[in-house]
Amino acid sequence: MIGTLLWTVALLVVFIVAATAAWAGWRAAPYVPTRQHDVERMLRIADLKPGEKVVDLGAGDGRFILTAARDYHALAVGYEISLLPYMVAKIRLWRARLGGSATIVMKDFFYENLSDADVVVCFLTPAAMKKLGEKFRRELRSGTRIVSFAFSIAGWQPVSKDKPNPRTMAVWLYRV
Ligand SMILES: C[S@@+](CC[C@H](N)C(=O)[O-])C[C@H]1O[C@@H](n2cnc3c(N)ncnc32)[C@H](O)[C@@H]1O
């Protein structure tokens, strides 16, 4: 009896993990973590200052928000809809004991208002970036910086494109 119950719970968890991962891939991008040195490169390019609010759209295992809060003393918020990376991020943030300066929320960022962000970071897909371009124009304050890993925002003029060598992925900086 207990054995059947445990198997049912385990199968349910596996199903939810797989379903939320597939949903995230369909919504904007699958989970592919950015390497830590690229996280640091992006936050440097963003010129993130203490006390600024940085939002990671699709926060994965929380590496951006953790680094931003710990090393830059920023107020970092991440949105993530895939259960497994969300849980990993929760545990990482809890272990880092950063208090309220880094938060991960299990919500779809397309439905969230981004108007209080100073910096937006993302690593998504070209299609998601195109859709976000319209949202950014509607919601972001003038002066907000957007830093995107690998993919540009179609139709937007970047402030800079960082690509130190042919094998490095580009980092695009925009200012609203
Ligand atoms: C390429 S990964 C980047 C993860 C992290 N930002 C990093 O750079 O290490 C994209 C993330 O976005 C998440 N995602 C996709 N669509 C989303 C949505 N609509 N709302 C919140 N998260 C989403 C995926 O689950 C995935 O973890």
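Everything below is about the structure shown above.
Just so you know, these numbers come straight off a predicted model, no measurement behind them.

1. Quick notes on unusual backbone geometry
Of note in this structure, H73 is not a glycine but carries a positive phi near 55°. Relative accessible area serves as the criterion here: at 56%, H73 is assigned to the exposed category. In this model, A150 sits at a positive phi of 75°, which is unusual for a non-glycine residue. The residue A150 is located in the loop between β5 (145-149) and β6 (160-162) in this model.

2. Some remarks on the side chain of D38
Along the chain, D38 turns up in helix α2 (residues 36-46). D38 sits in the buried class, given a relative accessible area of 2%. Within the structure, the side chain of D38 is placed 3.2 Å from the side chain of R41, a separation counted as a polar contact.

3. Side note on the packing of α2 against helix α3 (residues 63-72)
Their axes nearest at 10 Å, the elements α2 and α3 cross at an angle of 60°. Viewed along their axes, α2 and α3 adopt a mutual orientation that is oblique. Our pair here, α2 against α3, has a crossing hand that is right-handed. Here Q36, V39, E40, M42, L43 and R44 of α2 come into contact with α3, specifically with R63, F64, T67, A68 and Y72. For the contact of α2 with α3, a count of residues per class yields 6 nonpolar, 2 polar and 3 charged.

4. Some thoughts on the pattern of salt bridges
One pass over the full model with this rule turns up 12 salt bridges. Measuring nitrogen to oxygen at the nearest pair gives 3.0 Å for the salt bridge that ties D47 to K49. The class for K49 is partly exposed, based on a relative accessible area of 39%. Each of R35, D38, R41 and D162 takes part in one network of salt bridges that share partners.

5. A look at the environment of R145
Structurally, R145 is set in strand β5. In this structure, the C-alpha to C-alpha distance between R145 and D47, residues 98 residues apart in sequence, is 8.9 Å. Once you skip the residues sitting within four places of it in the chain, R145 turns out to touch A46, D47, L48, E52, D118, V119, V120, L173, Y174 and R175. Within the structure, the side chain of R145 is placed 3.0 Å from the backbone oxygen of A46, a separation counted as a polar contact.

6. Regarding the packing of α3 against helix α4 (residues 83-96)
With their axes 10 Å apart at the nearest point, α3 and α4 run at an angle of 20° to one another. The orientation of α3 relative to α4 falls into the category roughly parallel. Note that α3 runs across α4; the crossing there is right-handed. Here R63, I65 and L66 of α3 come into contact with α4, specifically with R92, L93 and A96. Considering only residue class, the contact of α3 with α4 consists of 4 nonpolar, no polar and 2 charged.

7. Observations regarding the pairing of strand β3 (residues 102-105)
Residue alternation in β3 divides its side chains into a buried set, A102 and I104, and an unburied set, T103 and V105. The pairing of strand β2 (residues 75-79) with β3 spans 4 bridges and is parallel. Paired with V77 across the strands is T103, a residue of β3. Handedness of the crossover joining β2 and β3 through α4 is recorded here as right-handed.

8. Some points on the site of the ligand
In the neighbourhood of the ligand, 25 residues make up the surrounding shell, with T34, G58, E80, D108 and F123 lying closest. Residue D108 places a side-chain N or O atom 2.9 Å away from a nitrogen atom belonging to the ligand. In isolation the ligand exposes 600 Å². Once the protein is present, 99% of that is buried. At a threshold of 2 Å from the grid points, most atoms of the ligand map onto the largest cavity. Of all the secondary structure elements, the ones that give two or more residues to the shell around the ligand are α1 (2-27) and α3. For the shell around the ligand, the residue count by class is 15 nonpolar, 4 polar and 6 charged.

Rules behind the numbers
- Residues numbered from 1 in each chain as written.
- Predicted model: local features only at pLDDT ≥ 70, side-chain atom pairs only at ≥ 80, totals over all residues.
- Heavy atoms only, no water.
- Buried < 20%, exposed > 50% of the residue type's maximum accessible area, 1.4 Å probe, protein only.
- Helix = DSSP H or I, 4+ residues; strand = E, 2+ residues; numbered from the N terminus.
- Polar contact = N/O pair within 3.5 Å; in protein donor to acceptor, adjacent residues only side chain to side chain.
- Axes fitted to C-alpha atoms, helices over the stretch in contact; angles between N-to-C directions.
- Parallel < 35°, antiparallel > 145°, perpendicular 65-115°, else oblique.
- Left-handed = near helix turned anticlockwise from the far one by under 90°.
- Contact = heavy atoms within 4.5 Å.
- Nonpolar A, V, L, I, M, F, W, Y, C, P; charged D, E, K, R; others polar.
- Salt bridge = Lys/Arg side-chain N within 4 Å of Asp/Glu carboxyl O.
- Pairing = 2+ DSSP bridges.
- Right-handed = clockwise from strand over helix to strand, strands pointing away.
- Near = heavy atom within 4 Å.
- Areas by Shrake-Rupley, 256 points an atom, 1.4 Å probe, with all protein chains shown as cover.
- 1 Å grid on protein atoms, 1.4 Å probe; cavity = no way out; pocket = protein on both sides within 12 Å on 5 of 7 lines; lining within 4 Å.
- Sits in = over half its atoms within 2 Å of the grid points.

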